[in-house]
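As a plain string of letters, each chain reads:
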Amino acid sequence: LEAIFATYQPDINQAEADLEEALIGFYDILLPETPDADIRVQRQKVIIADRTLSDLLFERNMAIRNVLTIDQRSDINQLIRDVLENY
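Throughout this description, residue numbers start from 1 for each chain and increase along the sequence as written. Whole-chain, interface and lining totals are the exception, using all residues; otherwise, since this is a predicted model, local features are given only for residues with pLDDT of at least 70 and side-chain atom pairs are given and counted only at 80 or more. Working from all heavy atoms in the structure, the side-chain values ignore hydrogens and water.

Brief notes about the overall build of the protein
Looking only at helices and strands, the protein features three helices and zero strands. Working definition: helices are DSSP H or I runs of at least four residues, strands are E runs of at least two. Numbering for both runs from the N terminus. Along the protein, helices and strands appear, N-terminal first, in the series α-α-α. Taken over the C-alpha trace, the protein has a radius of gyration of 17 Å; the compact-globule value for 87 residues is 12 Å, which it surpasses by more than 25%. Taken over the C-alpha atoms alone, the protein extends approximately 55 × 25 × 15 Å along its principal axes. Expressed as a percentage of its 87 residues, the buried residues of the protein come to 25%. For the protein, contacts bridging at least 24 residues in sequence account for 57% of all contacts bridging at least 6. Of the side-chain charges in the protein, 8 are positive and 17 negative, and the distance between the mean point of each set is 8 Å. In this treatment the radius of gyration is a C-alpha quantity, and the globule benchmark scales as 2.2 Å times the residue count to the 0.38 power. To sort residues, take the accessible area from a 1.4 Å probe on protein chains only and compare it with the maximum for the residue type: under 20% means buried, over 50% means exposed, and anything in between is partly exposed. A contact between two residues is defined here by any heavy atoms of the two lying within 4.5 Å. All tallies of charge rest on Lys and Arg as positive and Asp and Glu as negative; His and the ends of each chain are not included. Where a charge lies is defined by one atom per residue type, namely NZ (Lys), CZ (Arg), CG (Asp) and CD (Glu).

Here it is in structure tokens:
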């Protein structure tokens, strides 16, 4: 499990930073004079960054699930279900 976390964590950290940057950019651009097109572009950056992070977390959970026994998979399956509840 440590190897899985070590493999995924740098990309997850970067994805979290990218999402935070995109969110800050989105909040900063929300001014009365900002053209709608610019707001839409920044929103799309947030959506892409969020999806990238979500995909990485899902793939890490699947990698963890893959090394567990059938009996051990209940906890990781619940984590995956919890993520799905946010959609």
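Now that the structure has been shown, we can carry on.
Digging into the nonpolar core
Within this scheme, the nonpolar core is defined by two criteria: the residues are buried Ala, Val, Leu, Ile, Met, Phe, Trp, Tyr or Cys, and they are joined through side-chain atoms within 4.5 Å. Among the nonpolar cores identified, the biggest contains 11 residues, and these are I12, A15, L19, A22, F26, I29, I39, V46, A49, L53 and L56. Only α1 (2-29) and α2 (36-67) provide two or more residues apiece to this core. The leading source of residues in this core is α1, at six residues. Once residues lying within four places of it in the same chain are set aside, the contact partners of I29 are T34, D38, I39 and Q42.

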